[in-house]
Amino acid sequence: MSDLGRAAELIAGAGALLVCAGAGMGVDSGLPDFRGGEGFWRAYPPYARLGLRFEELADPRHFADDPELAWGFYGHRLDLYRRTAPHAGFRLLRTWGSRLPGGVRVFTSNVDGQFQRAGFGMVAEAHGSIHHLQCLDGCTDEIWAADTAEVDIDVETMRARSPLPCCLRCGGLARPNILMFGDVSWQPARSDAQLTELATWRRAHRDVAVVELGAGQAVPTVRRYAELASAATGALIRINPREPEIRHGRGVSIAAGALDTLTALDDLLS
């Protein structure tokens, strides 16, 4: 039997579906995955001219030291994610999950909100969400939606213009509720609540098939969670064009992109 056939059998025979997604899930929607300096600079030429890498920009200290630089980067991403429609693979996953008794849940390191936009009800965002804000100075633990936040950006310099998003309580600068590199001030309450709800769901559904998509090894949050969630059953389907390997062969590895693989699986499941 082919790997696709084995994967389809795992999904069809499951009682519930857990989707674990990394940045590669959004590539077919036209989103950059920021893999390596060259890939990031192709997406953002102004940063190539400045010699700034993703890891350097995704540093919370910039919000205090150079807020226009920080909000230039995150404001552009906020607008990009607002304008991006999820690709058809999201709908396929939601459809498969709706056929199973335990339904479907999502664990993701992505901060783009694509799963919510695609209609998924329960999404655990391990690294937070760009669509939510918190106070930079920590005047409150409150986390609020960024629905009304608008950031005007000079696309030549990728710097934001005033006014910048502000705290609802103190009026000082706000920052995205995202776990950044070396971040000690991130407010995790929203993500923690999502993760607790997901853990409760997992305990109630032991026969879960795990579909992991676009999760690399550089930041292995998603891969580790997928492996843990499938450890008892081996029902892991890892879809990754560059790093599909599964330790000890416990599951099915498919070296391809998300949308093409999900479409091929849907042909088998239908």
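Each remark here, short or long, concerns the structure printed above.
A few points on the structure. Predicted model, so just to flag it, every value in this text is computed and none were measured.

Remark: helix H7 (residues 88-98) packs on helix H11 (residues 258-269), axes separated minimally by 9 Å, with the N-to-C direction vectors making an angle of 40°. Between H7 and H11 the crossing geometry is left-handed. Residues Ala88, Gly89, Leu92, Leu93 and Trp96 of H7 form the contact with H11, whose own contacting residues are Leu259, Leu262, Thr263, Leu265, Asp266 and Leu269. Looking at side-chain class alone, the contact of H7 with H11 contains eight nonpolar, two polar and one charged residues.

With the rule as written, the count across this model stands at 15 aromatic pairs. When the ring of Phe54 is compared with that of Phe181, the centres are 6.0 Å apart and the planes differ by 80°; the resulting orientation is edge-to-face. Remark: Phe181 occurs in the loop between strand E8 (174-178) and helix H9 (189-204) and Phe54 occurs in helix H4 (residues 54-57); sequence separation between them is 127 residues. When its relative accessible area of 16% is taken as the criterion, Phe54 is described as buried. Take Phe181: its relative accessible area is 38%, and that puts it in the partly exposed class. Aromatic rings pair up to connect Phe40, Tyr44, Tyr47, Phe54, Phe63, Trp71, Phe73, Tyr74 and Phe181 into one cluster.

Put simply, the largest pocket is a space of about 1,000 Å³. Lining the largest pocket are 42 residues, and of these Ala23, Asp33, Phe54, Ser109 and Val219 lie nearest its centre. Taken together, the elements giving at least two residues each to the lining of the largest pocket come down to H4 and helix H6 (67-83). Top element by residues in the lining of the largest pocket is H6. It accounts for three residues. Considering the residues around the second largest pocket, the lining is formed by Leu18, Ala199, Arg202, Arg203, His205, Arg206, Val208, Leu228, Ala229, Ala231, Ala232 and Thr233. Secondary structure elements with two or more residues in the lining of the second largest pocket: H9 and helix H10 (221-229). No other element matches the three residues that H9 contributes to the lining of the second largest pocket. Of the residues that constitute the lining of the second largest pocket, the class distribution is seven nonpolar, two polar and three charged.

The next subject is the packing of helix H1 (residues 3-12) against H11. The description of two packed helices rests on the angle between their axes and on the distance between the axes. Between H1 and H11, whose axes approach to 9 Å, the crossing angle comes to 65°. Classified by the angle between their axes, H1 and H11 sit roughly perpendicular to one another. Pair H1 / H11 crosses with right-handed handedness. Of the residues in H11, those in contact with Leu4, Gly5, Ala7, Ala8, Ile11 and Ala12 of H1 are Thr261, Ala264, Leu265, Leu268 and Leu269. Taken together, the residues of the contact of H1 with H11 sort by class into nine nonpolar, two polar and no charged.

The rules behind these values
- Residues numbered from 1 in each chain as written.
- Predicted model: local features only at pLDDT ≥ 70, side-chain atom pairs only at ≥ 80, totals over all residues.
- Heavy atoms only, no water.
- Axes fitted to C-alpha atoms, helices over the stretch in contact; angles between N-to-C directions.
- Helix = DSSP H or I, 4+ residues; strand = E, 2+ residues; numbered from the N terminus.
- Left-handed = near helix turned anticlockwise from the far one by under 90°.
- Contact = heavy atoms within 4.5 Å.
- Nonpolar A, V, L, I, M, F, W, Y, C, P; charged D, E, K, R; others polar.
- Phe/Tyr/Trp six-rings, centres within 6.5 Å; stacked < 30°, edge-to-face > 60°.
- Buried < 20%, exposed > 50% of the residue type's maximum accessible area, 1.4 Å probe, protein only.
- 1 Å grid on protein atoms, 1.4 Å probe; cavity = no way out; pocket = protein on both sides within 12 Å on 5 of 7 lines; lining within 4 Å.
- Points joined across faces, edges and corners; volume = space filled by probe spheres on them.
- Parallel < 35°, antiparallel > 145°, perpendicular 65-115°, else oblique.

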